[in-house]
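Analysis of the macromolecular model
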Amino acid sequence: RSFSLLFYRAVRDLKPVWMLEEMRTMETFYQDDDLKQRTYTPSEALLYAVVHDHQPYARFLLGRYPEEALAKPSERFWCCPSSAPHLTMAVRYDRHCILRLILHKSRTHAGCLPAEDFRTLLHFACELQRPEAVIILLGNGASPQALDRNGSTPLDVTLEKLRETSSSSARRCLDILLMFTPKVGVKMRAALEAEPGLWRKLLGENTFGFLAKKSPAPLVLVAMQTVVKQLSPATILDSLQELPIPTSLKPPGLPGAR
């Protein structure tokens, strides 16, 4: 266990890739309970790289071992019920740069990947209020209409978090979701109508009217919905940031946006 901790700490301390690979492939650095020695797999190493945001190491592992790095780790190493542990961890720790790397390498459609507790990754990102992860997942094909086991969409989850926390991150997630959701079917519409004063304060008059189906979508939202359809998933964050429009019209949550 002490030997294994050395490798973990080396990744945490962002040691050079060549050093980490030497350590990873040395049998000394992984010792099972039955005293059989083996090396760390690329999949296990990638999990460490995600946790500690070691982007060069993640890029190396995904480039050198694309299939092995994204393989499911052993139950002894990973016990959570996710079929996409690396993506799940990237969302949990808000590692959006590595999230983009993984989605670029993975051939699996992001919207169909169940995360913890049988929710989609997009639901998970909305619950954790990760706006960058939300826009990356949506840009890579995650469905904003996907339902979790409670019949809630990511938009429903976001509205619940906004009501609980009134946080700016939840509001950014909401604004981003709306850009990718031309037709909204909000499970919480009854709650919106039951407490219109609260929701008008949280959402603003225009957004409240749109979600409550009392008024059409704001023109700015319609324009942004049209724009995002034209952008490449691989570069959607950078493309949105580079659009020749006022900063105030760019979706919140992006670097440089206000």
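I will try to describe carefully the structure that is included in this document.

The rules we used
Every chain is numbered on its own, with residues counted from 1 as its sequence reads. This being a predicted model, a pLDDT of at least 70 is required before a residue's local features are given, and a value of 80 or more before pairs of side-chain atoms are given or counted; all residues contribute to the totals for chains, interfaces and linings. To get the side-chain values, take all heavy atoms of the structure and skip hydrogens and water. Here a helix means four or more residues in a row that DSSP labels H or I, a strand means two or more in a row labelled E, and each is numbered from the N terminus. Each residue is assigned to one of three classes by its accessible area relative to the maximum for its type, calculated with a 1.4 Å probe on protein chains only: buried under 20%, partly exposed between the two thresholds, exposed over 50%. Surface exposure here means Shrake-Rupley accessible area, sampled with a 1.4 Å probe, where a residue is shielded only by the protein chains that are shown. Here an angle of 0 to 180 degrees is reported between the N-to-C directions of two axes, which are lines fitted to C-alpha atoms, with helices fitted over the stretch in contact. Any angle that falls under 35 degrees is termed roughly parallel, while one over 145 is termed roughly antiparallel, one within 65 to 115 roughly perpendicular, and all others oblique. In this scheme the handedness of a crossing depends on how the near helix is turned from the far one: anticlockwise by less than a right angle means left-handed, clockwise means right-handed. Pairs of residues are marked as contacts when any of their non-hydrogen atoms sit within 4.5 Å. Three categories are distinguished: nonpolar for Ala, Val, Leu, Ile, Met, Phe, Trp, Tyr, Cys and Pro, charged for Asp, Glu, Lys and Arg, and polar for the others, with Gly belonging to the last. Note on definitions: salt bridges are taken to be side-chain nitrogens of Lys or Arg within 4 Å of carboxyl oxygens of Asp or Glu. Each pair of aromatic rings taken from Phe, Tyr and Trp, with Trp reduced to its six-membered ring, is defined by centres within 6.5 Å and is described as stacked if the planes are under 30 degrees apart, edge-to-face if over 60, and tilted in the remaining cases. Throughout, the arc means that of the directions going from the helix axis to the C-beta atoms. The definitions used throughout rest on a 1 Å grid laid over the protein atoms alone, on which a cavity is an enclosed set of points accommodating a 1.4 Å probe that cannot get out and a pocket is an open set flanked by protein within 12 Å on both sides along at least five of seven lines; lining residues are those having an atom within 4 Å of a point. Grid points are joined across faces, edges and corners, and a volume is the space filled by probe spheres set on the points.

Before going further, it helps to examine the overall build of the protein. Assigned secondary structure in the protein consists of 16 helices and 0 strands. For the protein, buried positions account for 48% of its 258 residues. Roughly 12900 Å² of accessible area belongs to the protein as shown, and the carbon and sulfur atoms make up 53% of that amount.

Turning our attention to unusual backbone geometry. One non-glycine residue, D94, lies in the positive phi region at around 60°. Tracing the sequence through the fold places D94 in the loop between helix 6 (85-92) and helix 7 (96-105). Backbone geometry at S166 places phi at a positive 55°, although glycine is not the residue there. Relative to the helices and strands, S166 is located in the loop between helix 10 (154-165) and helix 11 (168-179).

Moving on: the packing of helix 2 (residues 17-24) against helix 4 (residues 55-64). Interaxial distance between helix 2 and helix 4 falls to 10 Å at its minimum, and their mutual angle equals 60°. Here helix 4 runs oblique to helix 2, going by the angle between their axes. For helix 2 against helix 4, the interelement crossing comes out right-handed. Contacts between helix 2 and helix 4 involve V17, L20, E21 and R24 from the former and P56, Y57, F60 and L61 from the latter. In the contact of helix 2 with helix 4, the residues fall into 6 nonpolar, no polar and 2 charged.

This paragraph deals with the pattern of salt bridges. By the definition in use, this model includes 6 salt bridges. Residue R12 is joined to D13 by a salt bridge in which the shortest nitrogen-to-oxygen separation is 3.1 Å.

Take the packing of aromatic side chains next. We describe a pair of aromatic rings using the distance from one ring centre to the other and the angle between the two ring planes. One pass over the full model with this rule turns up 5 aromatic pairs. Measuring from centroid to centroid gives 4.5 Å for F7 and Y40, while their planes differ by 35°, and the two rings are tilted. A residue pair is termed long-range when its members are at least 10 positions apart, and F7 in helix 1 (residues 2-12) and Y40 in the loop between helix 2 and helix 3 (42-51) qualify at 33 residues. What makes F7 buried here is its relative accessible area of 0%. Aromatic rings pair up to connect F7, Y8, Y40 and Y48 into one cluster.

As a further point, take helix 7. Residues separated by three or four positions in an α-helix point in the same direction, a consequence of the helix having 3.6 residues per turn. Here helix 7 has its buried residues at I98, L99, I102 and L103. All buried residues of helix 7 project into a common sector of 135° when viewed along the axis, lining one side.

Right, let's get into empty space enclosed by the protein. Overall, the coordinates contain 1 cavity of 30 Å³ or more when judged by the stated rule. As a volume, the largest cavity reaches approximately 40 Å³. Per-class residue counts for the lining of the largest cavity are 3 nonpolar, 4 polar and 1 charged.

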